[in-house]
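Residues per chain are reported as follows:
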Amino acid sequence: MKPLIALLIMACLSLPAHAEGFITRLLNKPVPGGVAVVTLPEQDSAPRVRYQDQSVLVIREDGQRWIAIAGIPLTVKPGTEQLELDTGQKLDFQVGSREYPAQRITLKNQQHVTPDPAHLKRIQRELDQQIAAYKTFSPRQPSNLMLDRPVEGRLSSAFGLRRIFNGEERNPHSGLDFAAPSGTPIKSPAEGKVILTGDYFFNGKTVFVDHGQGLVSMFCHLSSIGVEVGDELDRGEVLGKVGATGRATGPHLHWNVSLNNARVDPAIFIGAYMH
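Read on for a plain summary of the structure. Here the structure is a predicted model, which is why all the values come from computation and not from measurement. As a convention, each chain's residues are numbered from 1 in the sequence order in which they are written. Given that the model is predicted, a residue must reach a pLDDT of at least 70 before its local features are reported, and side-chain atom pairs must reach 80 or more before they are shown or counted; all residues, however, enter totals for whole chains, interfaces and linings. Here the side-chain values reflect all heavy atoms present in the structure, with hydrogen atoms and water set aside.

Our focus in this paragraph is the pattern of salt bridges. Each reported salt bridge corresponds to a side-chain nitrogen of Lys or Arg within 4 Å of a carboxyl oxygen of Asp or Glu. A full pass over the atoms with the stated rule returns 10 salt bridges. With a shortest N-O distance of 3.3 Å, E61 and R65 are connected by a salt bridge. Across the pair E84 and K90 runs a salt bridge, and its minimum N-O distance is 3.8 Å. Accessible area is worked out with a 1.4 Å probe on protein chains only. A residue is then buried under 20% of its type maximum, exposed over 50%, and partly exposed in between. Judged by its relative accessible area of 38%, E84 is partly exposed. What makes K90 partly exposed here is its relative accessible area of 45%. In the salt-bridge network here, residues are joined through shared partners; they are E61, D62 and R65.

The following block contains the structure:
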């Protein structure tokens with residue numbers, strides 16, 4: 001009996017100090033365009049964390065430990081990255097590699113490929129508004145991190161695709177596309193506050209929703225917008241309808257998810273991530 005007890009004790013000692021929680025298993029995809037989940041030092045209140053000079057989402061996982069959930073920009077190279085705590089302590093995490101394929105798209109409107117100077121001024125003005133929205137960091141805790149799909153439909157265009165419009169390479173695809181008929185209701189994937197709406201040159205009719213602590217959703221190419229800036233949305237509340245406004249070849253929803261001002265793969269948050 002004593003040898004058996006000794007073996008059991010040794011087995012317990014060899015186990016990790018804690019098992020990964022559900023959120024860590026769901027979200028920890030540390031690649032360019034992915035998410036890093038990092039366990040933080042234990043303390044009474046939530047540690048304050050920054051990554052690339054942006055505040056980072058921090059939650060209490062399973063009531064046991066503080067974790068930082070950091071979005072990794074597509075531009076980050078594989079290797080060692082660092083989070084910085086307000087105490088000055090730095091925590092390393094590793095970023096792996098991920099290859100993104102190319103997508104060739106033909107557009108009828110050449111202005112959506114090489115805009116003229118007048119359109120470029122409009123585009124820059126609209127971009128400034130949207131970047132400001134992406135930088136939003138409110139103290140509210142996200143209601144859920146396993147996000148709901150905003151529409152039911154086939155995933156038609158993956159995140160991170162290198163896009164080639166009419167033979168000219170442009171910015172990678174920064175969101176996830178759902179193929180859905182025009183007029184399909186779009187639902188908020190979590191509770192949130194509407195922080196920006198507009199009808200933009202590239203994005204068409206667009207809604208930004210702040211879910212809390214730097215977690216921001218953007219929905220674009222809408223046929224109609226059903227909310228206003230300042231509206232508080234419940235999880236599952238309709239915010240607009242699918243359309244094909246802006247730079248779109250047909251009706252679909254383009255959904256962006258941003259963490260600490262980094263656009264990341266929304267598939268991670270709906271359990272549809274594929275490396």
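Right, picking up where we left off after that structure.
This part covers the environment of K29. Numbered from the N terminus, helices here are DSSP runs of H or I no shorter than four residues, and strands are runs of E no shorter than two. With respect to the helices and strands, the residue K29 is situated in the loop between α2 (22–27) and β1 (35–39). Spatially, the C-alpha atom of K29 lies 9.6 Å from that of D265, the residues being 236 residues apart in sequence. In this description, contact between two residues means that some pair of their heavy atoms is separated by no more than 4.5 Å. With residues near it in sequence (within four places) discarded, K29 still touches G34, V35, I268 and Y273.

This paragraph deals with the pairing of strand β16 (residues 215–225). With eight of 11 residues buried, β16 is to be regarded as a mostly interior element. Two strands form a pair only when DSSP identifies at least two bridges running between them. Bridging between β16 and strand β19 (residues 252–259) involves five bridges; their strand directions are antiparallel. Within the sheet, the bridge partner assigned to S217 lies in β19 and is V257. Pairing between β16 and strand β18 (residues 238–242): three bridges, direction antiparallel. Bridging from a neighbouring strand, L222 pairs with V242 of β18.

For the rest of this paragraph, the subject is the side chain of N203. The topology assignment puts N203 in the loop between β14 (192–200) and β15 (204–212). The exposure class of N203 is buried, given its relative accessible area of 16%. A polar atom in the side chain of N203 sits 2.6 Å from the side chain of Q130. In this view, N203 contacts Q130, M218, C220, H221, T245 and G246; residues no more than four positions away in its chain are not counted. In the analysis that follows, any N or O atom pair within 3.5 Å is treated as a polar contact, provided that within protein one partner can donate a hydrogen and the other can accept it, and provided that, for residues neighboring in sequence, both atoms belong to side chains.

Note on aromatic contacts: the rings of Phe and Tyr and the six-membered ring of Trp form a pair at centre separations within 6.5 Å, being stacked when their planes are under 30 degrees apart, edge-to-face when over 60 apart, and tilted otherwise. For the structure shown, the criterion picks out four aromatic pairs. On the basis of an interplanar angle of 65° and a centroid distance of 5.5 Å, the ring pair of Y51 and F93 is categorised as edge-to-face. With Y51 in strand β2 (residues 49–51) and F93 in strand β7 (residues 90–95), the pair connects residues that are 42 residues apart, well separated along the chain. Like Y51, the residue F93 is buried in the burial classification. Ring centres of F178 and W255 lie 6.2 Å apart, and the angle between their planes is 40°; this geometry places the pair in the tilted category. On the criterion of sequence distance, the pair formed by F178 in strand β12 (residues 176–179) and W255 in strand β19 is long-range, its members being 77 residues apart. Assessed through its relative accessible area of 0%, F178 is described here as buried. The exposure class of W255 is buried, given its relative accessible area of 0%. In this scheme, the term charge over a ring applies when either NZ of a lysine or CZ of an arginine sits within 6 Å of the ring centre and within 35 degrees of the ring normal. Here the guanidinium or amino end of R60 rests over the ring plane of W66, the centre of that ring lying 4.9 Å away. Over the ring of Y134 we find R263, and its NZ or CZ is 3.7 Å from the ring centre.

This next bit is on the sheet that holds strand β6 (residues 79–85). Here we have four strands laid out as an open sheet, ordered β3-β2-β6-β7, and antiparallel in their pairing. Strands with a single pairing partner mark the edges of an open sheet, and in this sheet they are β3 (54–55) and β7. Here six bridges tie β6 to β7, and the two strands are oriented antiparallel to one another. Opposite E84, over in β7, you have K90 as the bridge partner.

Attention now moves to the sheet that holds β1. Strands sit in the order β1-β5-β4 across an open sheet of three strands; the sheet is antiparallel. If you trace the sheet from one side to the other, it starts and ends with β1 and β4 (57–61), each paired once. Strand-to-strand twist of the sheet, defined as the mean angle between neighbouring strand axes without regard to direction, takes the value 30°. Here β4 pairs with strand β5 (residues 65–71) via five bridges, running antiparallel. When the bridges of β5 are listed, I59 appears paired with I67. Only the stretch in contact is used when fitting a helix axis, every axis being a line fitted to C-alpha atoms; angles between N-to-C directions are given from 0 to 180 degrees.

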